[in-house]
Amino acid sequence: MIISNIGQLIGIAAQATSALRGDAMKHVGILENAWLRIDGDQFAEWGTMDRFPATDGSEKIIDAAGGAVLPSFCDSHSHIVYAGSREQEFEDKIRGLSYEEIARRGGGILNSADRLQATSEDELFRQSMIRIREVEKMATGCLEIKTGYGLTTESELKMLRVIARIAEATPMHIRATFLGAHAVGRAFKGRQADYVDMLCREMLPAIAAEGVADFVDVFCDEGFFSPQETDRILLEAARFGMRPKIHANELAVSGGVQVGVKHSAISVDHLERIEADEISLLAGSETIATVLPGASFFLGMPYGKARQLIDNGAAVALASDYNPGSSPSGNMRMVMSLGCIKLKLTPEESLNAVTINGAAAMDSAGRYGSITPGKVANFFITDPIPSLAFIPYAYATPIIRTVFLAGLPLS
Ligand code: NIG
Ligand code: FE
């Protein structure tokens, strides 16, 4: 298949790279007036329209009609599997309650856990697939999904089975993260140490036995899990080969960055609050700093210091955090716009943060995140646009025209 008449072919890279850090994030490969050849489910080669390849008539030609072509978004942090919704808490927040106050009253994560435990696996799958179809249309091609609304061994396994079914049902690339340490399950109220004990002795081995989680996550934050507890959980998870992706510094400077880097976390995420020494620590490590501007927007929290992180040489990814409490949206174009508007990233930096660096934060940069020969052909065609910057600038204009996953148009 050949896509012809591409106004701008954006996000090309001759070779697969891992995460881009610091100044390297400023560059995006762009070719104007281009064509792009796809072999089966993979990108093959490209060129300019004045040298259109000779075809034998067997290749399908798709006319982009001057639109841009970009690699699909790689959303490395989501909680898209959940039951019901929490707009009641949204109203509570409008009336002045904070996220922490709502959680202390038994709302928040525990509210979602109650609902999920009472929802059958089939129904949970059905509800989650509605959101999966939603983000497919918004050009997400690679998606990490966390557990963490189960909080019992049985319900955490139910979530992982639903994630596995999603991976079968969508042409998107799906990665699964076990987040049993999202909150203390209701049955363990007031007995946090016992919950952590149970998580290490019972949950982790059970999850590992099913072999379904790629990563392990802990909500290491004030009022949730301490760095010491996180340390223990990560140590146990390492025995099962689960690499950490950590929730850190959303509600307070939590120690989560340090414990994450200590355990070679693939990413530490949120970072709404961050100290100068933590920025240096991340810049000097392999750990990706993942910022979630949609959560800052929705909860009215400070925005993460993505600008300083990049200026100091760190690798920054941006993700949606799609979840019912702090970010009920998986719109990665919006995330890219917030990256520019609120985090002060350039359009090039913001695009790299939602594509190649997101892929790297899921250990998937070898096959996703850029238009590179041999990578999976997950991409989208836009209406004609004047430049890359127009994408985050016209932040609500529906310019995505056709989405392709594994070389096939979304039906
Ligand atoms: O990433 N902060 C922890 N977890 C989610 C929110 C979960 C919820 O409120 O349901 C987050 O923001
Ligand atoms: Fe999250």
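Located above this text is the structure these notes cover.
Predicted, not measured: the structure shown is a model, and the values here were computed from it.

S.K.: I'd like a rundown of the sheet that holds strand β12 (residues 288-291), residues and numbers included.
M.R.: What the eight strands build is an open sheet, ordered β6-β7-β8-β9-β10-β11-β12-β13; its pairing is parallel. Strands at the two margins of the open sheet, each flanked by one partner only, are β6 (73-75) and β13 (316-318). If you compare each strand with its neighbour and ignore which way they point, the axes differ by 25° on average. Note that β12 and β13 share three bridges and pair parallel. Paired with V291 across the bridge in β13 is L318. Here helix α5 (residues 153-169) sits on the sheet and contacts β7 (140-146) and β8 (173-181); the angle it forms with β8, its principal contact strand, is near 175°.

S.K.: Got a sec to walk through the site of ligand 1? Specific residues and values, please.
M.R.: Near ligand 1, the surroundings consist of 15 residues, among which Y99, Y149, H182, E250 and S326 are the closest. The separation between an oxygen atom of ligand 1 and a polar side-chain atom of Y99 is 2.5 Å. In the environment of ligand 1, a nitrogen atom lies 2.8 Å from a nitrogen or oxygen atom belonging to the side chain of H182. Residues belonging to the shell around ligand 1 are distributed by class as follows: four nonpolar, eight polar and three charged.

S.K.: Give me the packing of aromatic side chains: which residues, what numbers.
M.R.: Under the definition given, this model contains 10 aromatic pairs. Taking the centre distance of 5.5 Å and the plane angle of 15° together, the rings of F90 and F298 count as stacked. Here F298 lies in helix α10 (residues 293-299) and F90 lies in helix α1 (residues 87-94), a separation of 208 residues in the sequence. Judged by relative accessible area, F90 falls into the partly exposed class, the value being 39%.

S.K.: Could you give me a rundown of the coordination of the iron ion (ligand 2), with the residues and numbers involved?
M.R.: Surrounding the iron ion (ligand 2) are the protein donor atoms H77 (NE2), H79 (NE2), H247 (NE2) and D321 (OD), which sit 2.1 to 2.3 Å from the metal. Read in sequence order, the donor residues coordinating the iron ion (ligand 2) give the pattern H-x1-H-x167-H-x73-D. Note that H79 is positioned in the loop between β6 and α1 and H247 in strand β10 (residues 243-248), a separation of 168 residues in sequence. Take H79 and H247: they sit in the same class, and that class is buried.

S.K.: Can you lay out the pairing of strand β9 (residues 215-220) for me, pointing to particular residues and giving the numbers?
M.R.: The side chains of a regular strand alternate between the sheet's two faces. Among the six residues that make up β9, six are buried, leaving the element largely enclosed by the rest of the structure. Side chains F215, D217 and F219 project from β9 onto one buried face, and the interleaved V216, V218 and C220 project onto a second face that is buried too. Bridge analysis of β8 against β9 gives three bridges, and the strand direction is parallel. Bridge pairing in β9 places T177 opposite F215.

S.K.: Hey, could you go over the side chain of T153 for me, with residue numbers and the actual values?
M.R.: Within the fold, T153 resides in helix α5. The contacts of T153, once residues within four sequence positions are left out, are M198, E202, M203 and A206.

S.K.: Go over the packing of helix α6 (residues 192-210) against helix α7 (residues 227-239), please, and point to the residues and values.
M.R.: The interhelical angle for the contact between α6 and α7, taken along N-to-C directions, is 10°, at an axis separation of 10 Å. Classified by the angle between their axes, α6 and α7 sit roughly parallel to one another. Of the residues in α7, those in contact with Q192, V196, D197, L199, C200, R201 and L204 of α6 are E229, R232, I233, E236 and A237. Its residues assigned to classes, the contact of α6 with α7 comprises six nonpolar, one polar and five charged.

S.K.: Go over the nonpolar core with me, naming the residues and quoting the values.
M.R.: Core analysis: the biggest nonpolar cluster contains 115 residues, and V81, I145, I166, Y195, L282, L309 and L318 have the highest contact counts within it. Take this core: its biggest share by element is eight residues, from α6. Residues contacting I145, with those up to four places away along its chain left out, are S78, I80, V81, I132, I163, I166, I174, R175, A176 and T177. In this structure, I3, F43, I371 and F404 belong to the second largest nonpolar core, which totals 17 residues.

S.K.: Give a description of the pairing of strand β2 (residues 30-39) that names residues and reports values.
M.R.: Looking at chain direction, strand β1 (residues 2-10) and β2 are connected through six bridges and run antiparallel. Residue pairing in the sheet places L9 in a bridge with L31 of β2. Pairing geometry for β2 and strand β3 (residues 42-48), over six bridges, is antiparallel. Looking at β3, one finds that A34 is bridged to T48. From the end of β2 to the start of β3, which pair antiparallel, there are two residues, and G40 there has a positive phi angle of about 60°.

Conventions adopted
- Residues numbered from 1 in each chain as written.
- Chains lettered and ligands numbered in written order.
- Predicted model: local features only at pLDDT ≥ 70, side-chain atom pairs only at ≥ 80, totals over all residues.
- Heavy atoms only, no water.
- Pairing = 2+ DSSP bridges.
- Helix = DSSP H or I, 4+ residues; strand = E, 2+ residues; numbered from the N terminus.
- Axes fitted to C-alpha atoms, helices over the stretch in contact; angles between N-to-C directions.
- Contact = heavy atoms within 4.5 Å.
- Near = heavy atom within 4 Å.
- Polar contact = N/O pair within 3.5 Å; in protein donor to acceptor, adjacent residues only side chain to side chain.
- Nonpolar A, V, L, I, M, F, W, Y, C, P; charged D, E, K, R; others polar.
- Phe/Tyr/Trp six-rings, centres within 6.5 Å; stacked < 30°, edge-to-face > 60°.
- Buried < 20%, exposed > 50% of the residue type's maximum accessible area, 1.4 Å probe, protein only.
- Donors = N, O, S within 2.8 Å, 3.2 Å for Na, K, Ca; no water.
- Parallel < 35°, antiparallel > 145°, perpendicular 65-115°, else oblique.
- Core = buried A, V, L, I, M, F, W, Y, C linked by side-chain atoms within 4.5 Å.

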